[in-house]
Amino acid sequence: MSKVAQDAAAFKSVLQRQDYTSWHSQPPPIEKASDEIAPSGSKKKRPKFNIVYSQPADTGTGTNVNTQLVYAVNHLKSTHNPMHLQDLAILTSTPLDTDHVLLEKFKTHDRVVWDPKTDLYSYKHGFDFRNKVALLTEIQRQTHRGGGIPVRALKESWKEAPAAIEELKAEGEVLVTRTTKDGQLKMVFWNPVKPTEESGGMLVEQAAIHQFLDLWHELKAPNNVDLSEQLSSGKSNPFLKYRPVPIGCP
């Protein structure tokens, strides 16, 4: 046997004795393809992604002047304290302090109030109060004009307004309407009729019910003879002259 044949035989014997049980000698397992061919007659299922496409994503204040104006005014509305122009520009990422066109529109907005003495900007809410007494005064003023106030509008001016309205209702100072679905406060009205000692400290709703029942029981129905005479005197045919017709008779 030649030298080359001996070397080849030795190399083959070494390969046969090689241990493939170690991790580095074993080839990596073949992963199953995720897009295997589906059986005939069945549709391939698409992967589900938890992405909601109903509303566009908020990508910032944008570059349009009117869009930036809306962002600035809405932020000022959510802040009940006056703000400097530079602070508002930083918090809203808008060029309020550098864009003269945007600044002019912001100053002339009907809901923006600028104090030239302090150079502060604040939002002009529909109502100006910060306590329960002032809230009741505003409700009384609006009720005298012939209507109530939406609780939502009061909450925008003072976030504690709903809780104060609940207290005023328990004290009998106001009347409220609620939503049918979840019973949330909807409208509030001033209650001019207060609980008194004569009504036993009851609220106006309870006192009105008892007053109606008392008036109802005081009414006296006339007897048959008096009723017939009253109908005859009024040129009406008394119902006693008519006899009920049995059902089924022609």
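**Student:** So what exactly am I meant to see when it comes to the overall build of the protein chain here?
**Tutor:** From N to C terminus, the protein chain includes nine helices and five strands. Reading the protein chain from its N end, one meets helices and strands in the order α-α-α-α-β-β-α-β-α-α-β-β-α-α. Across the 250 residues in the protein chain, those meeting the buried criterion constitute 19%. Taking as baseline every contact in the protein chain between residues at least 6 positions apart, the subset at least 24 positions apart corresponds to 44%. Of the roughly 20200 Å² of accessible surface on the protein chain, a fraction of 56% belongs to carbon and sulfur atoms.

**Student:** Would you take a moment to explain the nonpolar core for this structure?
**Tutor:** Formed by 18 residues in total, the largest nonpolar core has its most connected members in Phe129, Leu135, Ile139, Leu154, Ile165, Val174 and Val188. Among the elements that take part in this core, helix H7 (residues 161–170) stands out by supplying four residues, more than any other. What Ile165 contacts, discounting residues up to four positions off in sequence, is Leu135, Val151, Leu154, Val174, Val176, Leu185 and Val188. Grouped together as the second largest cluster of nonpolar side chains are 15 residues, Leu69, Met83, Ala89 and Tyr121 included.

**Student:** Please explain the layout of surface pockets as it appears in this structure.
**Tutor:** The probe, sized like a water molecule, is rolled over the atoms to show the empty space still left. Taken as a whole, the largest pocket holds about 180 Å³ of empty space. Residue lining of the largest pocket: Thr79, His80, Asn81, Pro82, Ser122, Tyr123, Lys124, His125, Phe127, Asp128 and Arg130, and that is the complete set. Per-class residue counts for the lining of the largest pocket are three nonpolar, five polar and three charged.

Calculation notes
Counting restarts for each chain, with residues numbered from 1 along the sequence as it is written. Two thresholds apply to this predicted model, a pLDDT of at least 70 for residue-level local features and 80 or more for giving and counting side-chain atom pairs, whereas whole-chain, interface and lining totals are computed over all residues. Water and hydrogen atoms play no part in the side-chain values, which are based on all heavy atoms of the structure. Where helices and strands are cited, they refer to DSSP runs of H or I of at least four residues and of E of at least two residues respectively, numbered from the N terminus. The rule is simple: take the accessible area with a 1.4 Å probe, protein chains only, and divide by the maximum for that residue type; under 20% is buried, over 50% is exposed, in between is partly exposed. For this analysis, residues touch if any pair of their heavy atoms sits within 4.5 Å. Surface exposure here means Shrake-Rupley accessible area, sampled with a 1.4 Å probe, where a residue is shielded only by the protein chains that are shown. Residues enter a nonpolar core if they are buried and are Ala, Val, Leu, Ile, Met, Phe, Trp, Tyr or Cys, with the set joined through side-chain atoms within 4.5 Å. Put plainly, a pocket is an open set of points on a 1 Å grid over the protein atoms alone with protein on both sides within 12 Å along at least five of seven lines, a cavity is a set where a 1.4 Å probe fits but cannot get out, and a lining residue has an atom within 4 Å of a point. Grid points are joined across faces, edges and corners, and a volume is the space filled by probe spheres set on the points. Residues are grouped as follows: nonpolar covers Ala, Val, Leu, Ile, Met, Phe, Trp, Tyr, Cys and Pro; charged covers Asp, Glu, Lys and Arg; every other residue, Gly included, is treated as polar.

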